[in-house]
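# A closer look at the structure
Here is how the chains run, residue by residue.
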Amino acid sequence: MSGDRPSPLVIERILRDRQGIWQQIVAERDLNALTGRMLASSAIALACYGAVLGAFHSPLMALTSALKLPLLFLVTLAICLPTLYLFNLVFGARLSVRQSLALVMVAITVTSMLAVAFAPISLFFLITAPDYGFFKLLNVAILTLSALVGLRFLTGGMQVLNDHGLLAPEAAQTQAPAQAVPAAVPAGAVPAADQVAEPVAVPAGAPAAGSAGTVPNGATPEAGSPAAQAPAQVPAQAPAQWGGQPTASSFPPGMLPPGYPQPHRPWANPPVRRGEPAQRPASMTLLYIWILLFGFVGTQLAWTLRPFFGDPGQDFAFFRSIDGNFYAEILRTIANL
């Protein structure tokens, strides 16, 4: 795609042209505009989905959840982004703050857009099966699935940055010369054995191919011509294993005519090792640790900012008292079902 879409449709560009998004982040081109569009799209999508969550209790709870759900993701990002940036700096990565922010915003944008795509399903069960426990577990599962897909985009983007040497620049610089193959063989050097043509049988006593004593098309040189006067560069005694043709060791260094087998010199052309699996940089390993940290911080902050659904047996409240934790509440809800 040639240009960015308007902010409500930035998700379309992310899904259709993800390689273009990664290349834009690598080049740090217009990252402020791209990040602003993703931020606006995510906030709108999360507000819409939050309104669906709070609609189970009352219109006032729907408005409250529409404000708190975008706040949940953005505050979690603000808490965890410095850790991701410093992790990369400690292990030699060259990511800037804008690149790190843009990468995480891609994941949040995908998560929020996928969640709002599930909003009609959530509304359907809200109307047809208004059970508080089931509705809460259904939407937790929707948010978890959406977050997993968004984090998949995050790891994919980090892998692209790793391929461009932004996560492990030292490994990228040392790996490039090892895979380089020389384009030409210098004059006087002996080429590798697999780069030489098959030997051609030469009758005994005949001059070597390509030597000064040969004439094209088998014609006989005239007397006094340079071809007749020039001696053939062939040793007087040729070993018999080639049918009278001399071997490569019979010639002086650098005087091998074309078509003769070359001596095996393994030290001259060391084998090039290809296809060896590259080691995963430490930044990629720490990325998975950071994802776990992001999940724990997000769930604890969600528990702090609750209610989002609103228990129909309780009155409206902007916040609840902090007791227990998110995981114990999920297990208790499953047990009640």
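You'll find the structure just up there.
Keep in mind that this is a model prediction, so the values were computed, not measured.

On to the pattern of salt bridges. A complete count under the given rule lists five salt bridges for this structure. A salt bridge links D17 to R13; the nearest nitrogen and oxygen atoms lie 4.0 Å apart. Per residue, the accessibility class of D17 equals that of R13, and both read buried. A salt bridge links R98 to E28; the nearest nitrogen and oxygen atoms lie 3.5 Å apart. With R98 in helix α5 (residues 97-117) and E28 in the loop between α2 (18-27) and α3 (31-54), this residue pair connects regions lying 70 residues apart in the sequence. A single network of salt bridges, built from pairs that share partners, joins K136, E329 and R332.

So, on to the side chain of K68. Summarising the element assignment, K68 is placed in helix α4 (residues 59-90). A relative accessible area of 2% places K68 in the buried class. A polar contact of 2.9 Å, which involves the side chain of K68, links it to the backbone oxygen of F318. Dropping the residues within four chain positions of it, K68 is found in contact with L305, R306, P307, F308, F318 and F319.

Glancing now at α4. Given 3.6 residues per helical turn, the α-helix brings residues three or four places apart onto the same face. An ideal rise of 1.5 Å per residue puts 46 Å on 32 residues; α4 measures up with 48 Å between its terminal C-alpha atoms. If you look at α4, its biggest bend is around 35 degrees, right at C80, and the proline P82 turns up within four residues after that. Looking one or two residues past α4, G92 carries a phi angle of roughly 85 degrees, positive in sign.

Conventions adopted
Residues numbered from 1 in each chain as written. Predicted model: local features only at pLDDT ≥ 70, side-chain atom pairs only at ≥ 80, totals over all residues. Heavy atoms only, no water. Salt bridge = Lys/Arg side-chain N within 4 Å of Asp/Glu carboxyl O. Buried < 20%, exposed > 50% of the residue type's maximum accessible area, 1.4 Å probe, protein only. Helix = DSSP H or I, 4+ residues; strand = E, 2+ residues; numbered from the N terminus. Polar contact = N/O pair within 3.5 Å; in protein donor to acceptor, adjacent residues only side chain to side chain. Contact = heavy atoms within 4.5 Å. Expected span 1.5 Å × (residues − 1). Bend = angle between axes of the 7 residues up to and from the residue.

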